[in-house]
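Each chain, written out:
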Amino acid sequence: MKLILGITGASGSIYAKRFLLHAKERCEVELIVSKNGEAVLKHENCEDILQSGVKIHKIDDFFAPPATGSSHYSGMVILPCSMGTLGRITAGTSDNLLIRAADVCLKENRPLILSPREMPLSEIHLENMLKLKRAGATIVPASPHFYKHPKNIEELVDTVVERILYHHLTIASE
Ligand SMILES: Cc1cc2nc3c(=O)[nH]c(=O)nc-3n(C[C@H](O)[C@H](O)[C@H](O)COP(=O)(O)O)c2cc1C
């Protein structure tokens, strides 16, 4: 199983960091990071993701395997997902490798999980999410839960990360 992890310029880089840590134990992971995703990773002190040893595709490389449906990926997770990327996927712009890879997942009926992080949500955000859900994507908001009494930020973040990983592994093995 080979999964694409897309990282965009929404806040919450630690979600991507923890997801990569857990996902690497279960499957192969390749990264696509948007330009703003890279800036926010640095701003939130998570740029070590970029040195984690996994394959990182250049954001403007449309010759890279994730750009085509003939490459075999088990699907894609976008975490955290900005409203900008969410809107561009909805519009089908395919104007960078991350958006194109998501577009490929939708057209090939492969699991695409988006974890949006924004508040409050505008009517445009909500309409885009509904359209993506109807197009086959799974929307898993970065909404941590507290009922297992997390003792630190990592445990809190993992309540989201584990749900996303579970969804991907379940949908991908169907
Ligand atoms: C520090 C920082 C935090 C941001 N947090 C969010 C956020 O939580 N959600 C969001 O939709 N955009 C957020 N943005 C704005 C996006 O980075 C911006 O809309 C950008 O164009 C997204 O580009 P991308 O989707 O290609 O990464 C943030 C920007 C900065 C600088």
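Residues numbered from 1 in each chain as written. Predicted model: local features only at pLDDT ≥ 70, side-chain atom pairs only at ≥ 80, totals over all residues. Heavy atoms only, no water.

Asker: Where do I start with the site of the ligand in this structure?
Answerer: Around the ligand, the surrounding shell holds 15 residues, and the nearest of these are Gly 9, Ser 34, Ser 82, Thr 85 and Arg 117. Within the backbone of Ser 11, one N or O atom sits 3.1 Å away from an oxygen atom of the ligand. Residue Met 83 places a main-chain N or O atom 2.8 Å away from an oxygen atom belonging to the ligand. If you list the elements that add at least two residues to the shell around the ligand, you get α2 (35–43) and α3 (83–91). (Near = heavy atom within 4 Å. Polar contact = N/O pair within 3.5 Å; in protein donor to acceptor, adjacent residues only side chain to side chain. Helix = DSSP H or I, 4+ residues; strand = E, 2+ residues; numbered from the N terminus.)

Asker: Even after reading the chapter, I still don't get the nonpolar core, so can you show me in this structure?
Answerer: Across soluble globular proteins, nonpolar side chains show a tendency to be buried alongside one another. If you look at the biggest cluster of nonpolar residues, it comprises 27 residues, and the most contacted ones within it are Leu 5, Ile 7, Phe 19, Ile 49, Val 77 and Ile 164. Listed by contribution, the elements that provide at least two residues to this core are β1 (2–7), α1 (13–26), β2 (28–33), β4 (75–81) and α6 (153–172). The element best represented in this core is α6, accounting for 6 residues. Beyond its immediate stretch of four places on either side in the chain, Ile 49 contacts Ile 7, Ser 13, Ala 16, Lys 17, Leu 20, Leu 31 and Leu 41. Core analysis: the next-biggest nonpolar cluster, separate from the first, contains 25 residues, Tyr 73, Ala 102, Met 129 and Ala 137 among them. (Core = buried A, V, L, I, M, F, W, Y, C linked by side-chain atoms within 4.5 Å. Buried < 20%, exposed > 50% of the residue type's maximum accessible area, 1.4 Å probe, protein only. Contact = heavy atoms within 4.5 Å.)

Asker: It is not clear to me how unusual backbone geometry should be interpreted in this structure. Could you clarify?
Answerer: Apart from glycine, the bulk of residues carry a negative phi angle, and the bulk of peptide bonds sit in the trans form. That bond from Leu 79 to Pro 80 is cis: its omega, -10°, falls within 30 degrees of zero. The residue Pro 80 is located in strand β4 in this model. The omega torsion across Met 119 and Pro 120 is -10°, close enough to zero to call that bond cis. Its identity as a non-glycine residue notwithstanding, Asn 45 has a phi of 60°, on the positive side. Looking at the secondary structure, you find Asn 45 in the loop between α2 and β3 (55–57). Residue classification places Asn 45 among the exposed residues on the basis of a relative accessible area of 61%. Positioned with a positive phi, Asn 109 is a non-glycine residue whose angle comes to about 55°. Along the chain, Asn 109 turns up in the loop between α4 (97–107) and β5 (112–116). Taking the relative accessible area as the measure of exposure, Asn 109 reaches 72% and is therefore exposed.

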